[in-house]
Amino acid sequence: MTTSTQETKQDWYFTFGCGQEHSNKYVKIHGTFSEARAEMYSRFGTKWSMQYESAEEAGIKQWGYEELK
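Residues numbered from 1 in each chain as written. Predicted model: local features only at pLDDT ≥ 70, side-chain atom pairs only at ≥ 80, totals over all residues. Heavy atoms only, no water.

**Re the overall build of the chain**
From N to C terminus, the chain includes 4 helices and 4 strands. Ordered by position from N to C terminus, the α and β elements of the chain give α-β-β-α-β-α-α-β. Radius of gyration (C-alpha) of the chain: 11 Å, near the 11 Å computed for a compact globule of 69 residues. Split into buried and exposed, the 69 residues of the chain put 35% on the buried side. Restricting the contact set of the chain to residue pairs at least 6 apart, pairs at least 24 apart contribute 53%. When the accessible surface of the chain is split by element, carbon and sulfur atoms take 45% of a total near 4700 Å². Taking the 8 positively charged and 10 negatively charged side chains of the chain as two groups, their mean positions are separated by 5 Å. (Helix = DSSP H or I, 4+ residues; strand = E, 2+ residues; numbered from the N terminus. Rg over C-alpha atoms; globule rule 2.2 N^0.38 Å. Buried < 20%, exposed > 50% of the residue type's maximum accessible area, 1.4 Å probe, protein only. Contact = heavy atoms within 4.5 Å. Areas by Shrake-Rupley, 256 points an atom, 1.4 Å probe, with all protein chains shown as cover. Lys, Arg positive; Asp, Glu negative; His and termini not counted. Charge placed at Lys NZ, Arg CZ, Asp CG, Glu CD.)

**A look at helix H2 (residues 33-44)**
Between the first and last C-alpha of H2 there are 16 Å, a value that for 12 residues agrees with the 16 Å anticipated at 1.5 Å per step. For H2, the set of buried residues is Phe-33, Ala-36 and Met-40. One face of H2 carries all of its buried residues, which in axial projection span an arc of 75 degrees. Every exposed residue of H2 that faces more than 90 degrees away from the buried side is listed here: Ser-34 and Ser-42. Backbone geometry just downstream of H2 places Gly-45 in the positive-phi region, at approximately 60 degrees. (Expected span 1.5 Å × (residues − 1). Arc of directions from axis to C-beta.)

**Notes on the pairing of strand S2 (residues 25-31)**
When strand S1 (residues 10-15) meets S2, the two strands line up antiparallel, connected through 6 bridges. What sits directly across from Gln-10, in S2, is Gly-31. Note: S2 against strand S4 (residues 66-67), 2 bridges, orientation parallel. Note that in S4 the partner of Tyr-26 across the bridge is Glu-67. (Pairing = 2+ DSSP bridges.)

Take a look at the structure:
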């Protein structure tokens, strides 16, 4: 990921780890890399796993994740 990608507003995809409350779900947040990450921390604290640039990278279809709204 380049600095310009981090500063571009886009949809970011966040997943949860196995055994966490929201495992097999994902959250989509629009903003820069840092803005989206800060929002995720605001909503879930440290109880999430990874941040991805695309739904494909997050494995949403591959693993059958459901969006957590």
